[in-house]
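Summary of structural features
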Amino acid sequence: MSTHHHDLRRWQQAHDYGGGSARAERGTRLVLWITLATMVLEIGAGWWFNSLALLADGWHMSSHALAIGLTVFAYAAARRYAHDPRFAFGTWKIEVLGGYTSALLLLGVAALMVFGAIDRLLAPQPIRYAEAMIVAVLGLLVNIACAAILHRAGGPETAHEHVHEHAQAHDDINLKAATIHVLTDALTSLLAIVALAGGWRYGWAWLDPACALVGAVLVGLWAKNLLRQAGGALLDREMDHPVVAEIRAVAATLPAGTLITDLHVWRVGNGAYACALSLLTHDAELTPLHVRAALAAHPEIAHATVEIHRCDAC
């Protein structure tokens, strides 16, 4: 029986805080400052002009600033402890935990939107359409700009930073959480513009809370999907991922009669996986080095522990 690990340098590169996360952190930090500046501007203008619409949107934006701030904190913590040997498989799951918490905040935002919409449907209030329209358009423009920044932050800067096709199936969950917060804010602004236009033109005051309910449902669905994705990563639910089939296919190319007796695969980074593989074989020449060479065809397998049991009677 023998055990072998992949090249430690490859593994170090796979689980350290790399260029992609650094770029995502810079983009998210910029979005945080833009969000905070817009929030302060709206709250200040609302207080100065005595506009409830401006004040409401400013405080609403504060919830997104909190969530995006959490994303930045997760990136910073992952970077700070990237070389800490106490984290056996790196600090990537700090980012995932940030995304999971951000998704919980999204559910809270959706719930507040539902309660606010129901309250407005039961007790309609006069709407200052001109000011509210300005706020909605400003919010939409700011969030479009922020979404563009985050999209750029999530893409590779050079051809060398492109990853294996299967890595695209699991993108940066932390960055995705920040992007969803920005997109949900843009969605609510867009729905508000539609509702305000209908109310201003036709007097349909009910359209404003109705659009808010539609937005709340969409935000809730996005949050649910993000929770499922982040939760799956935190719980190491990866055995249905295509990389598992790739490992089994590699085992099938080994000397005849070699069988997988135990296989565990878990994700340790954006597009990076670790595996523990036990093989039963009658081939006296099969070594972990041979298995390593075969697995090298799949660069997303960043770390592997290979155990070989020999059985002459197989």
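One can find the structure itself at the top, above this paragraph.
For the structure given in this document, a descriptive report is provided here. Not measured: the values here are computed from a predicted model.

Rules of the game
- Residues numbered from 1 in each chain as written.
- Predicted model: local features only at pLDDT ≥ 70, side-chain atom pairs only at ≥ 80, totals over all residues.
- Heavy atoms only, no water.
- Helix = DSSP H or I, 4+ residues; strand = E, 2+ residues; numbered from the N terminus.
- Contact = heavy atoms within 4.5 Å.
- Expected span 1.5 Å × (residues − 1).
- Axes fitted to C-alpha atoms, helices over the stretch in contact; angles between N-to-C directions.
- Parallel < 35°, antiparallel > 145°, perpendicular 65-115°, else oblique.
- Nonpolar A, V, L, I, M, F, W, Y, C, P; charged D, E, K, R; others polar.
- Buried < 20%, exposed > 50% of the residue type's maximum accessible area, 1.4 Å probe, protein only.
- Pairing = 2+ DSSP bridges.
- Right-handed = clockwise from strand over helix to strand, strands pointing away.
- Core = buried A, V, L, I, M, F, W, Y, C linked by side-chain atoms within 4.5 Å.
- Polar contact = N/O pair within 3.5 Å; in protein donor to acceptor, adjacent residues only side chain to side chain.

Looking only at helices and strands, the protein chain has 9 helices and 4 strands in total. Along the chain direction, N to C, the helices and strands of the protein chain fall in the order β-α-α-α-α-α-α-α-α-β-β-α-β. Taking all contacts inside the protein chain whose residues are at least 6 apart in sequence as the whole, residues at least 24 apart take part in 79%.

Let us now look at the environment of Ile 43. Structurally, Ile 43 is set in helix α2 (residues 19-49). In sequence terms Ile 43 and Met 61 are 18 residues apart; their C-alpha atoms lie 9.8 Å from each other.

What follows concerns helix α7 (residues 207-234). Over its 28 residues, α7 runs 40 Å from end to end, which matches the ideal 40 Å to within 8%, given 1.5 Å per residue. Within two residues after α7, Asp 236 carries a phi angle of roughly 60°, on the positive side.

A few words now on the packing of helix α6 (residues 173-202) against α7. Following both chains from N to C, one finds α6 and α7 inclined at 170°, their axes separated by 9 Å at the closest point. One finds that α6 runs roughly antiparallel with respect to α7. Residue-level inspection shows Ile 173, Lys 176, Ala 177, Ile 180, Leu 183, Thr 184, Leu 187, Leu 191, Val 194, Ala 195 and Gly 198 of α6 in contact with α7, the latter providing Leu 207, Asp 208, Cys 211, Val 214, Gly 215, Leu 218, Val 219, Trp 222, Leu 226, Gln 229, Ala 230 and Ala 233. A per-class count over the contact of α6 with α7 returns 17 nonpolar, 4 polar and 2 charged.

So, on to the pairing of strand β3 (residues 272-281). Of all 10 residues in β3, 8 are buried, a share of seventy percent or more. In this structure, the hairpin formed by strand β2 (residues 259-269) and β3 is closed by a connection of 2 residues, where Gly 271 is found at a positive phi of approximately 75°. Inspection of the sheet shows β3 paired to strand β4 (residues 301-310) by 9 bridges, in the parallel sense. Along β4, the bridge assignment pairs Ser 278 with Glu 307. Assessed by its sense of winding, the connection that carries the chain from β3 through helix α9 (residues 288-295) to β4 is right-handed.

This part is about the nonpolar core. Membership of the largest hydrophobic core comes to 19 residues, with the highest contact counts inside it found for Ile 247, Val 265, Val 291 and Leu 295. At the level of secondary structure, the elements contributing two or more residues to this core comprise α8 (242-252), β2, β3, α9 and β4. Counting residues per element, this core draws most heavily on α8, at 5 residues. Not counting chain neighbours up to four residues away, the residues in contact with Ile 247 comprise Leu 263, Val 265, Cys 275, Leu 277, Leu 295 and Ile 301.

Relative to the helices and strands, Asp 84 resides in the loop between α3 (52-80) and α4 (92-122). Look at Asp 84 and you get buried, because its relative accessible area is 15%. For Asp 84, the side chain forms a polar contact with the side chain of Arg 86, separated by 2.6 Å.

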